[in-house]
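Residue-level listing of the chains:
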Amino acid sequence: MKFDMKNSVTRQEALSLMREHWTFSREQELVSLKDCLGRVTAEDIFSHNTLPVFRASCFDGVAVRSTDFQNGMPDTSAWVKGRDFVRADTGDDFPDAFDTVIAIEDVILEGEGLRFADDFVFDSKEETVDPAGTIVRSGALLVPAHTRITPELMASLAMGGVTEIPVIRQMKVAFIPTGSELIPVGQKPERGQNVETNGLMLSGLLSQRGAQVICLPIVRDDVKELEAALDQALSMADMVLINGGSSRGEEDYNSHLLKRRSSFFRHGVRAVPGRPVAFSIIDEKPVINVPGPVAAAYLAEHWCLSALVCHYYGLPAPQYPVVSAVLDQPVKKRPGFELIARVALRYTAEQGYIATPVSWGDDGIPGFLLETDGFLNVPADTNALSAGDTVEVELLKTPELIKGRS
């Protein structure tokens, strides 16, 4: 489909339009505590438990009566364990006859008796006992609605006695790879063939956002077969990705198919790479025509698909850490389009981060992907950047993986 600059949209406009036209109800289900990691809560979750139930020692030590210290340090030569003191370990309750705890470092145990260290001074104001509810109280909010459950939140839920978690039903995304030239992963390509890799990449990326991706078989460039695959995908998923056939090739049928079937349709974003992406709503579900090249498909996921998955769960769109860097080479771009430039970063103590634009090299796509540490977003109204300019780079890697930071 020909790119129409007048009807194309920015990345932000594309997402806004999709959210506006995509109406749906979030279904929920119950999952066990052990199976809730990474799921998104459907409602606020509150504690059933109060911990400690009564009280607990703040540290390892011995529990004593504070009244025994009213007149100064007591004579402990006749003290007996169980009558005049008891052991009280961190987090443990102890008999009601005792009301304060002395740290084990300040005590010398001698058989069934004890004496205090020479430099120990009893302080009646020291907080040595955690009262009931110090850890958690019944009715306390453990996890708000629309929160992705992390390992530490699982621990909080366990403390609160919550064993069944109401979560939003996992989003299902159907992926349709298209192209008569494509062959499955593992099959050796012959002349004119290419390996279908985007399904593997997008499945991995979207699963990290909480989606279940269903990859359909490769569909040839045939209008009837493509439409049948689209109908199958719509019947089983909340969102459909149809890969390839989005531009102006002789057999690029997919965007035309979506336009004919949709209640809402936009083709083209004013951003490169990946400008021929198409957005549509069909049967009240988002259907995205993702460009075929790996770099363009990755970018579509980076700014669009991941944001739509998060919208399904009521989560904010992903944001990436940003660092300031100095360009060591100029960057030029097409007027009127935002450029999403891949850069390699290195770090020096003297200069901080230095960004180098990444171009195709002898290693092809693998080297291109391996060298990319972040994205430099050059606005549409900026025609070029010069070497020495300070720019903001979205990190795709954690800082310790950047050259010079390890």
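Look above for the structure.
Sequence order as written defines residue numbering, which begins from 1 separately in each chain. Per-residue local features are limited, in this predicted model, to residues with pLDDT of at least 70; the limit for side-chain atom pairs, both in listing and counting, is 80 or more; totals at the level of whole chains, interfaces and linings are taken over all residues. Water and hydrogen atoms play no part in the side-chain values, which are based on all heavy atoms of the structure.

Peer 1: Describe the pattern of salt bridges, naming the residues involved and giving the relevant values.
Peer 2: Any two side chains of opposite charge can pair, so long as their charged atoms come close to each other. Should a side-chain nitrogen of Lys or Arg be within 4 Å of a carboxyl oxygen of Asp or Glu, the pair is scored as a salt bridge. Evaluated as defined, the whole model comprises 17 salt bridges. Asp-35 is paired through a salt bridge with Lys-34; the nearest N and O atoms lie 3.4 Å apart. Overall, the relative accessible area of 67% leaves Lys-34 in the exposed class. Between Arg-83 and Asp-84 there is a salt bridge, with its nearest N and O atoms 2.9 Å apart. Overlapping salt bridges bring together Glu-227, Asp-231, Arg-260 and Arg-261 as one network. Type-normalised accessible area, obtained with a 1.4 Å probe on protein chains alone, sets the label of each residue: buried when under 20%, exposed when over 50%, and partly exposed for intermediate values.

Peer 1: Outline the sheet that holds strand S5 (residues 86-88), listing residues and values.
Peer 2: One open sheet holds the 3 strands; their spatial order is S5-S4-S6, and the pairing between them is antiparallel. The sheet terminates laterally at S5 and strand S6 (100-103), the two strands that pair on one side only. Each adjacent strand pair in this sheet contributes to an overall mean axis angle of 45°, direction not counted. Note that strand S4 (residues 61-64) and S5 share 3 bridges and pair antiparallel. For Gly-61, the partnering residue across the bridge sits in S5 and is Ala-88. In this description, strands pair whenever DSSP reports at least two bridges between them. Secondary structure is summarised from DSSP: a helix means a run of H or I of at least four residues, a strand means a run of E of at least two, and numbering begins at the N terminus for each. Lines fitted to C-alpha atoms define the axes here, with helix axes fitted over just the stretch in contact, and angles between the N-to-C directions of these axes take values from 0 to 180 degrees.

Peer 1: Before we move on, can you summarise the packing of aromatic side chains with the specific residues and values?
Peer 2: Pairing of aromatic rings covers Phe, Tyr and the six-membered ring of Trp, with a centre-to-centre limit of 6.5 Å; geometry is then stacked below 30 degrees between planes, edge-to-face above 60, and tilted otherwise. Taken as a whole and assessed by the stated rule, the structure comprises 11 aromatic pairs. Residues Phe-69 and Trp-79 carry aromatic rings whose centres are separated by 6.5 Å and whose planes lie at 90° to one another, so their mutual orientation is edge-to-face. With Phe-69 in the loop between S4 and S5 and Trp-79 in the loop between S4 and S5, this pair connects stretches of sequence that are 10 residues apart. Judged on exposure class, the residue Phe-69 and its partner Trp-79 are both buried. Arg-148 extends its terminal NZ or CZ atom over the ring of Tyr-313, reaching a point 5.9 Å from the ring centre. When the NZ atom of lysine or the CZ atom of arginine is within 6 Å of a ring's centre and also within 35 degrees of its normal, the charge is said to sit over that ring.

Peer 1: With reference to specific residues and values, describe the environment of Met-154.
Peer 2: With respect to the helices and strands, Met-154 occurs in helix H2 (residues 151-159). With a relative accessible area of 18%, Met-154 lands in the buried category. Through-space distance from the C-alpha of Met-154 to that of Ile-165 is 10.0 Å; in sequence the pair is 11 residues apart. The contact criterion used is simple: two residues touch if any of their non-hydrogen atoms lie within 4.5 Å. The residues contacting Met-154, other than those within four sequence positions of it, are Leu-33, Lys-34, Cys-36, Leu-37 and Ile-149.

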